Amino acid sequence: MTEALIELKNISFKYKNSYIIKNINLKIFEGNQIALIGKSGSGKSTLISLLNGTLIPTSGNIKFFNLPFHKLDNSQKSKISTIWQDLRLIEDLSAEQNVNCGLLGKKNFLFALKNLLSISSYRKAHEVMKICKISPSIFIKKIINLSGGQKQRIAIARSLIQEPQILLADEPFNNLDPKLTNLVKNIFLNEENQNYIKISNTILIALHKIDLLENFNRIIGLQNGTISFDLSKGELKDNLLDDFYEFSEEN
Ligand code: ADP
Ligand code: MG
């Protein structure tokens, strides 16, 4: 049987006294293109932080490439990349420097130092930014001076340059207009040929755009910290979604 890249067994997570994630079992396999849906507060971002090892579960067991997180070496850790909902860019550094930061887990200290001092120009960063339709005039601008949509695409480029085996993306279409949403969706789902970077075929995206769901091969619905459905592409029916959103509509 194929081994899961990430496996969650009976995972629960609580902040203070309240459980945010409740007894989740989930296996992510190579080739899964997962849309993670659920109303605000259902636990999507928390689940993503458990899937990238940032949060440690209160109870249960997580394996990454069949190993517990503390057994992973840096190269294994850099196989999982996250586009955070709050982006986590370094505001005082330029767009290009931020994109290069995606490679810090893979490159040596000299690369990090040159990047910090901005004395190197790295072709791959430029190519990845171009793929994300960031114009060259933006490369040297500080994050603090960019628009929401530009920042969003820098965060995306920073993850793509890492060429991770698994890409986790938390509402990556925020701040993007319909044209850019479509472009980024096509990049994520490998629907556009890229010469310069290898795009992972294993991806989990938290999103609210229901019209994009048909592009994914697996749809997971999260409700109050539990998985209420986990379906493959053909299994998703409109009425199920209607019920899901009606039932879970925010008060
Ligand atoms: P989603 O991404 O689906 O909107 P989150 O995972 O961000 O959901 O949040 C799930 C729940 O966890 C929410 O009720 C939120 O208030 C709570 N929560 C998130 N982060 C923290 C935190 N750092 N401390 C306490 N509660 C938190
Ligand atoms: Mg969230």
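1. Some points on the site of ligand 1
Then step 1. Taken together, the neighbourhood of ligand 1 is formed by Tyr15, Ile20, Lys39, Ser40, Gly41, Ser42, Gly43, Lys44, Ser45 and Thr46.
Then step 2. Within the backbone of Gly43, an N or O atom sits 3.1 Å from an oxygen atom of ligand 1.
Then step 3. Burial of ligand 1 by the protein amounts to 56% of the accessible area it has alone, namely 560 Å².
Then step 4. The element contributing the most residues to the shell around ligand 1 is helix H1 (residues 44-51), with three residues.
Then step 5. Of the residues contributing to the shell around ligand 1, the split by class is two nonpolar, six polar and two charged.

2. Describing the pairing of strand S3 (residues 33-37)
Then step 1. Counting buried positions along S3 yields five of five residues, so the element is predominantly enclosed.
Then step 2. The alternating pattern of S3 places Gln33, Ala35 and Ile37 and Ile34 and Leu36 on opposite faces, both of which are buried.
Then step 3. Two strands pair when backbone bridges link them, and S3 and strand S7 (residues 202-206) are joined in this way by four bridges, in the parallel orientation. Bridging across to S7, Gln33 finds its partner in Ile203.
Then step 4. Looking at chain direction, S3 and strand S8 (residues 218-223) are connected through four bridges and run parallel. The residue of S8 that forms the bridge with Ile34 is Arg218.

3. Some remarks on the sheet that holds S3
Then step 1. Reading across from one edge, S5-S6-S7-S3-S8-S9 is the order of the six strands in this open sheet, with mixed pairing throughout. In this open sheet, the two edge strands, each paired with only one partner strand, are strand S5 (80-83) and strand S9 (226-232). When strand polarity is set aside, the average angle formed by the axes of neighbouring strands in this sheet is 15 degrees.
Then step 2. The strands touched by helix H6 (residues 148-160) are S5 and strand S6 (166-170); relative to S5, the strand with the most contacts, the crossing angle is about 180 degrees.

4. As for the coordination of the magnesium ion (ligand 2)
Then step 1. Distances from the magnesium ion (ligand 2) to its protein donors, Ser45 (OG) and Gln85 (OE1), fall within 2.1 to 2.2 Å. Here Gln85 lies in the loop between S5 and helix H3 (95-101) and Ser45 lies in helix H1, a separation of 40 residues in the sequence.
Then step 2. Judged by relative accessible area, which is 29%, Ser45 ranks as partly exposed.

5. Considering the nonpolar core
Taken as a class, soluble globular proteins show a tendency for nonpolar side chains to be buried jointly.
Then step 1. The biggest cluster of nonpolar side chains holds 48 residues, and the ones touching the most others in it are Met129, Ile154, Leu160, Phe188 and Leu207.
Then step 2. Contacts of Met129, omitting those with residues within four sequence positions, involve Ala95, Glu96, Val99, Ile134, Phe139, Ile154 and Ala157.
Then step 3. Counting residues in hydrophobic clusters, the runner-up holds 27 residues, among them Ile34, Leu36, Leu72 and Leu222.

6. Thoughts on the sheet that holds strand S2 (residues 18-28)
Strands pair in a sheet through their backbones, by hydrogen bonds, and they do so in one of two ways: parallel or antiparallel.
Then step 1. Strand order in the open sheet formed by three strands is S2-S1-S4, and the pairing between neighbours is antiparallel. Each edge of the open sheet is held by one strand with a lone partner, namely S2 and strand S4 (59-64). The average undirected angle you get between the axes of adjacent strands in this sheet is 25 degrees.
Then step 2. Inspection of the sheet shows strand S1 (residues 6-15) paired to S4 by five bridges, in the antiparallel sense. Within the sheet, the bridge partner assigned to Ile6 lies in S4 and is Phe64.

7. Some thoughts on the packing of aromatic side chains
Two aromatic rings are characterised by how far apart their centres lie and by the angle between their planes.
Then step 1. Taken as a whole and assessed by the stated rule, the structure comprises four aromatic pairs.
Then step 2. Between Phe64 and Phe69, the ring centres sit 5.4 Å apart and the planes meet at 65 degrees, which makes this aromatic pair edge-to-face.
Then step 3. Centroid distance Phe229 to Phe244: 5.0 Å. Interplanar angle 75 degrees. Geometry classified as edge-to-face. Residue Phe229 is located in strand S9, and its partner Phe244 is located in helix H8 (residues 238-247); the two are separated by 15 residues in the primary sequence. In terms of burial, Phe229 and Phe244 fall into one category: buried.
Then step 4. Its end group placed over the ring of Phe65, Lys79 keeps NZ or CZ at 5.5 Å from the ring centre.

Cut-offs applied
- Residues numbered from 1 in each chain as written.
- Chains lettered and ligands numbered in written order.
- Predicted model: local features only at pLDDT ≥ 70, side-chain atom pairs only at ≥ 80, totals over all residues.
- Heavy atoms only, no water.
- Near = heavy atom within 4 Å.
- Polar contact = N/O pair within 3.5 Å; in protein donor to acceptor, adjacent residues only side chain to side chain.
- Areas by Shrake-Rupley, 256 points an atom, 1.4 Å probe, with all protein chains shown as cover.
- Helix = DSSP H or I, 4+ residues; strand = E, 2+ residues; numbered from the N terminus.
- Nonpolar A, V, L, I, M, F, W, Y, C, P; charged D, E, K, R; others polar.
- Buried < 20%, exposed > 50% of the residue type's maximum accessible area, 1.4 Å probe, protein only.
- Pairing = 2+ DSSP bridges.
- Axes fitted to C-alpha atoms, helices over the stretch in contact; angles between N-to-C directions.
- Contact = heavy atoms within 4.5 Å.
- Donors = N, O, S within 2.8 Å, 3.2 Å for Na, K, Ca; no water.
- Core = buried A, V, L, I, M, F, W, Y, C linked by side-chain atoms within 4.5 Å.
- Phe/Tyr/Trp six-rings, centres within 6.5 Å; stacked < 30°, edge-to-face > 60°.
- Lys NZ or Arg CZ within 6 Å of the ring centre and 35° of its normal.

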